[in-house]
Amino acid sequence: KEYAEISIKDIDKVASSSFPLCMRHLFEKLREDHHLKHGGRMQLGLFLKGVGLNLDDALAFWKAEFSQKVGSERFDKEYAYSIRHNYGKEGKRIDYTPYSCQKIISSTPGAGDQHGCPYRNFSKENLEAALSKMGVSSRLMGDVMDKVKNRHYQLACTLTFEAVHASSCDSGINHPNQYFIDSQKILQA
Ligand code: SF4
């Protein structure tokens, strides 16, 4: 599938309009802490590749954050390789694909990890706060939380999509990059 390119200057705007909660959370944590552990770097990094951030922009994006924490020299030495690796430019040169919801939901984040699916991993209070920040009204919040209670995380994400876009999502959400594409389709229509 061909994606339009997203450039680094648009990234904050599209993050707040079109990223699903799992990626929004990683994106915000990265901006806040200037760091993400391995699982978060993989989950967000491959997603960003999937939304069309090219390798040069990806390196610039991660470097701008990480160098505030570890310095640019350490970034170049320890972290740049794995980003090039994700783009198939190092090691076995495999072009790695972004993670599906199923893969993300079944991951097991440890202490200090920010990856995984927030519908599964967040406390009720944190999830409600995050959803309300995304623009889910209190009227629709109960429906989303019901799905979460029954462990239907992708359905909860689908209802969130529908709430924040005021538009239906008949296929349901099964991939963060599908969430992004469907969102952009609606917003650009
Ligand atoms: Fe991300 Fe999928 Fe969870 Fe939605 S259901 S937050 S897209 S992993």
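Residues numbered from 1 in each chain as written. Predicted model: local features only at pLDDT ≥ 70, side-chain atom pairs only at ≥ 80, totals over all residues. Heavy atoms only, no water.

Peer 1: How do you make sense of the packing of aromatic side chains when you look at a structure like this?
Peer 2: The description of two aromatic rings rests on the distance between their centres and on the angle between their planes. Taken as a whole, this structure holds 11 aromatic pairs when the rule is applied. When the ring of Phe 75 is compared with that of Tyr 79, the centres are 6.4 Å apart and the planes differ by 20°; the resulting orientation is stacked. Of this pair, Phe 75 and Tyr 79 both sit in helix α5 (residues 72-86), 4 residues apart, which is roughly one turn of the helix. Like Phe 75, the residue Tyr 79 is buried in the burial classification. Members of the aromatic cluster, connected to one another through ring pairs, are Phe 19, Phe 27, Phe 47, Phe 61, Trp 62, Phe 66, Phe 75, Tyr 79 and Phe 180. We note Lys 49 situated over the ring of Tyr 87; from NZ or CZ to the ring centre the distance is 5.6 Å. (Phe/Tyr/Trp six-rings, centres within 6.5 Å; stacked < 30°, edge-to-face > 60°. Helix = DSSP H or I, 4+ residues; strand = E, 2+ residues; numbered from the N terminus. Buried < 20%, exposed > 50% of the residue type's maximum accessible area, 1.4 Å probe, protein only. Lys NZ or Arg CZ within 6 Å of the ring centre and 35° of its normal.)

Peer 1: I'm lost on the nonpolar core in this one. Help?
Peer 2: Soluble globular proteins tend to pack their nonpolar side chains together in the buried interior. Counting 53 residues, the largest nonpolar core has Phe 19, Leu 44, Leu 48, Trp 62, Tyr 119 and Leu 131 as its most contacted members. Sorting elements by how many residues they give to this core places helix α4 (residues 55-70) first, with 7 residues. With residues up to four places along the chain from it excluded, the contact list for Leu 48 reads Ile 11, Phe 19, Leu 53, Phe 61, Trp 62 and Tyr 87. (Core = buried A, V, L, I, M, F, W, Y, C linked by side-chain atoms within 4.5 Å. Contact = heavy atoms within 4.5 Å.)

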